[in-house]
Amino acid sequence: MEPSQRRSWLLASLSHPDRIETLARCGADAIVLDLVEFVPEEAKHAARHEVVAAIATVRAAGAAAFTMVDPELAYADLHACVWPGLDGVVVSRVESAAQLREIDELISRLEHERGIPTGAVRIALALETARGNQDGYEIACASPRVSALTLGRADLIMDLRPEPDGEIHLMPYLMQRLVIIAGALGKTPLGAWWRAPDRGLLATPQNTYQAAQRGRAIGFKGTLCLHPDQIDPIHRAFA
Amino acid sequence: MSKYTVRRSGLTMPIVTARFVDNAWRRGCDFVILDLEDSVPQHMKPHARTLVNAAIAKIARAGTEPFARINHEYMLADLDAVVWPGIRRIRYPKTECGDEVRQMDAIITRLERERGIRPGSIEIDPGIETAIGVTNVYEIAASSPRIREFGATSGGYDLSRDLGVEMFVDYDQFVYVRGESELAARALGLGVRVAPFVANTSGSVSDGDHAYRQAEAARKCGFHLGTGGLNPAVVEGHNRGHTPSDADVRDAHWVLEQYERVLASAQTWLTIDNRVIDRYEAARARDTIDWARACAERDREKEQAVARTRAALAAATGEAG
């Protein structure tokens, strides 16, 4: 499948390796093996040990295998993740072009050491902070590996809350800005247009369908999600 | 000391209208903007400049922070008239580029030194009210450490005139302007002064209920800084809307109790009573509790200042009688 045709990107926490096979078989186009959001600090070390097996599980189920990494912990996270079979990494909370260049170089070195074709590991950028969004264009230019852009959990990380009309504060602006940056650089914008009171963790399939449809209408090509019952509505909306 | 500067409500008033300035201490606002700009007719500008020093003390006696708004065209003369001990912030309307702010900063720095004001204590508040200002908004926001809070055009009058945009409509006509300004402020770590869109199709500036809804919407969005108003009727609504209710504070304590359960589990989040409890909700709850405390402290401070002023006025009247 062409990377730009991946509609559903289901997060799977590496804190719960026993659930990964089930999640990988739910039909998502990509599984994002998470080392950041849903892994408590004290569980990171153990979670990194699960990555190699998890990549194999995901690929065997026919989904693309991504891992979500923390730029603050890039060295440990990338050493754990960059193995044959990995399609790419979602870099969360990315803040600067310099940070991304370092990540790019580290991936290149690991590709070389571990017998992975050069440039095979792609990057999806999650612009989740104000600084990351402000400098989003420059950051996305910093590595040829970047293939997709998303706001990830910017609403939570930037503490953006609902306005009286149900829009999440600042998100309509940030979404349009992201779509423009992605379009200017030929990258794939990922996201859905959520409205209060939905949060990704609790959204129903129906609300997910509406959010994905609105997202598609403003230019997104697919979206990250947190629950298997969101996959079908996402595929229908981005069909 | 609180990490918050409590600026929920404010009034902009013409410095030349004595009855407004003399009664400002009775209004209960957190700040007053002494205006030398739009509300002062051209022929009264020189007279206006002579009034600021005395007005600062009149405002401050209620525990209210005195601010001033100067004219874009008369930066030098106006700064000379407003930079006095007690002034806390100076608004520079229709800011077009960072150079203007740097020039203003240099003048204020000199006047602070000459007039015995703590160096760097006076804030600059650049107004973004023109298309060119919007274009340069990040550079403007980054142009001086005196800029500690930043907001997009609050009322939008000047910007709507500059661009030919309708003013009182039922949709948010400034999504882009507000977004650019707010993203710049957040990226620079400045305090964000934002009024989420609440339709005001009547154009009334004295609608206390609309003021309350606007301030409450801002607070529920996570914002603490008020944009102020023009009519005393909005002050109470702004104060109340920006202050967490008792129910909000109780709910915040509940969230923190539930978050203890999350921390004790091996999970990063739990669903409790159909609500997600995680570190983000916990952070919001802590903010609500801290902000409520800061508001209560500020209210006490203002009450005490007002009581002292009343006592002093009563004593003066008694002596006179």
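Reading the values: rules and limits
- Residues numbered from 1 in each chain as written.
- Chains lettered and ligands numbered in written order.
- Predicted model: local features only at pLDDT ≥ 70, side-chain atom pairs only at ≥ 80, totals over all residues.
- Buried ≥ 20, exposed ≤ 12 C-beta atoms within 10 Å, placed from the backbone.
- Helix = DSSP H or I, 4+ residues; strand = E, 2+ residues; numbered from the N terminus.
- Arc of directions from axis to C-beta.
- Contact = placed C-beta atoms within 7 Å.
- Axes fitted to C-alpha atoms, helices over the stretch in contact; angles between N-to-C directions.
- Parallel < 35°, antiparallel > 145°, perpendicular 65-115°, else oblique.
- Left-handed = near helix turned anticlockwise from the far one by under 90°.
- Nonpolar A, V, L, I, M, F, W, Y, C, P; charged D, E, K, R; others polar.
- Pairing = 2+ DSSP bridges.
- Right-handed = clockwise from strand over helix to strand, strands pointing away.

### Re helix α3 (residues 52-60) of chain B
The periodicity of an α-helix, 3.6 residues per turn, causes residues three or four places apart in sequence to face the same way. All names here are of chain B. Taken together, the buried positions of α3 are occupied by V52, A55, I56, K58 and I59. Taken end-on, α3 shows its buried residues confined to a sector of 165°, consistent with a single buried face. Exposed residues lying more than 90 degrees from the buried face of α3 are A54 and A57. Elements that come into contact with the buried residues of α3 comprise α1 (18-23), β2 (31-35), α2 (45-49), β3 (65-69) and α4 (75-82).

### Brief notes about the packing of helix α10 (residues 208-220) of chain B against helix α11 (residues 235-242) of chain B
Residues and elements named next belong to chain B. Between α10 and α11, the least distance of the axes is 7 Å, while the angle of their chain directions is 25°. One way to sum up the angle between α10 and α11 is to call them roughly parallel. By crossing handedness, the relation of α10 to α11 is classed as right-handed. Contacts from G208, D209, A211, Y212, Q214, A215, E216, A218 and R219 of α10 reach α11 at E236, G237, H238, R240, G241 and H242. Here the residues of the contact of α10 with α11 sort into 4 nonpolar, 6 polar and 5 charged.

### Thoughts on the pairing of strand β1 (residues 10-14) of chain B
All names here are of chain B. Burial runs high along β1: 4 of the 5 residues are buried. With 5 bridges joining them, β1 and β2 adopt parallel strand pairing. Bridge pairing in β2 places T12 opposite I33. One crossover worth recording links β1 to the parallel β2 by way of α1, and it is right-handed.

### Looking at the interface of chain A and chain B
The interface of chain A with chain B comprises 19 residues on the first partner and 21 residues on the second. Every element with two or more residues in the side of chain A that touches chain B is listed here: α6 (130-134) and α9 (171-185) of chain A. Among the elements that make up the side of chain A that touches chain B, the one with the highest residue count is α6 of chain A (4 residues). When the residues that make up the side of chain A that touches chain B are grouped by side-chain class, the tally is 11 nonpolar, 3 polar and 5 charged.

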